[in-house]
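Chains, contacts and geometry: an overview
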Amino acid sequence: CTSGEPATTRQLAASLRERFGVHFLDCPVSGGPRGATAGTLTCMLGSDDEAAADRVEALVQAFAKKVVRCGPAGSGHAVKAVNNAMNSA
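For the structure given in this document, a descriptive report is provided here. (Residues numbered from 1 in each chain as written. Predicted model: local features only at pLDDT ≥ 70, side-chain atom pairs only at ≥ 80, totals over all residues. Heavy atoms only, no water.)

This paragraph deals with the overall build of the chain. Scanning the chain from terminus to terminus reveals four helices and three strands. Overall, the chain shows an N-to-C arrangement of helices and strands of α-β-α-β-α-β-α. Its C-alpha atoms give the chain a radius of gyration of 13 Å, near enough to 12 Å, the size a compact globule of 89 residues would have. Here the C-alpha coordinates of the chain stretch approximately 40 × 30 × 15 Å along the principal axes. A fraction of 57% describes how many contacts in the chain between residues 6 or more apart in sequence connect residues 24 or more apart. Total accessible area computed for the chain in this model is approximately 5500 Å², and 57% of it derives from carbon and sulfur atoms. A gap of 8 Å separates the mean positions of the 9 positive and 8 negative side-chain charges of the chain. (Helix = DSSP H or I, 4+ residues; strand = E, 2+ residues; numbered from the N terminus. Rg over C-alpha atoms; globule rule 2.2 N^0.38 Å. Contact = heavy atoms within 4.5 Å. Areas by Shrake-Rupley, 256 points an atom, 1.4 Å probe, with all protein chains shown as cover. Lys, Arg positive; Asp, Glu negative; His and termini not counted. Charge placed at Lys NZ, Arg CZ, Asp CG, Glu CD.)

Right, dumping it as structure tokens:
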């Protein structure tokens, strides 16, 4: 599985914000190589900062058909994990 770990993502986001004042966003994708080729990827965006999410979302929409804002940093990875579990059942 190539998805990130939500708790680690939250820790990394907090550390980067504290140490360097930067925002870390998670944005796993669903759709695989076929979705990438067809332009039908779905991205699950997690961010602790709405302004940063706004800026990133504009870029992500260049390659994704759908962008779902899931909540704070780590939530994109959490939703992706649920997506993976549902698709493997």
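Let's shift gears to the side chain of Ser47. With respect to the helices, strands and loops of the structure, Ser47 is situated in the loop between β2 (41-46) and α3 (50-60). For Ser47, the contacting residues outside a window of four places in its chain are Leu25, Asp26, Ala52, Ala53, Gly71, Pro72 and Ala73.

Helical periodicity: at 3.6 residues per turn, an α-helix aligns residues three or four positions apart in one direction. Across its 15 residues, helix α1 (residues 6-20) extends 21 Å between first and last C-alpha, which sits within 8% of the 21 Å expected from 1.5 Å per residue. Against the buried residues of α1 lie α4 (75-88). N-capping of α1 is provided by Glu5, with a side-chain oxygen placed 2.9 Å from the backbone N of Ala7. Once α1 ends, the next one or two residues include Gly21, with phi positive near 70 degrees. (Expected span 1.5 Å × (residues − 1). Polar contact = N/O pair within 3.5 Å; in protein donor to acceptor, adjacent residues only side chain to side chain.)

On to α3, then. All of the buried residues along α3 are Ala52, Ala53, Glu57 and Val60. Burial along α3 is one-sided: seen end-on, the buried residues are contained in an arc of 130 degrees. Facing away from the buried surface of α3 by more than 90 degrees, the exposed residues are Arg55, Ala58 and Leu59. Those residues of α3 hidden inside the fold are in contact with β2 and β3 (64-71). Two or three places before Ala51, at the start of α3, stands the capping residue Asp49, its side-chain oxygen 3.2 Å from that residue's backbone nitrogen. (Buried < 20%, exposed > 50% of the residue type's maximum accessible area, 1.4 Å probe, protein only. Arc of directions from axis to C-beta.)

What is shown is where atoms sit, not what they do.
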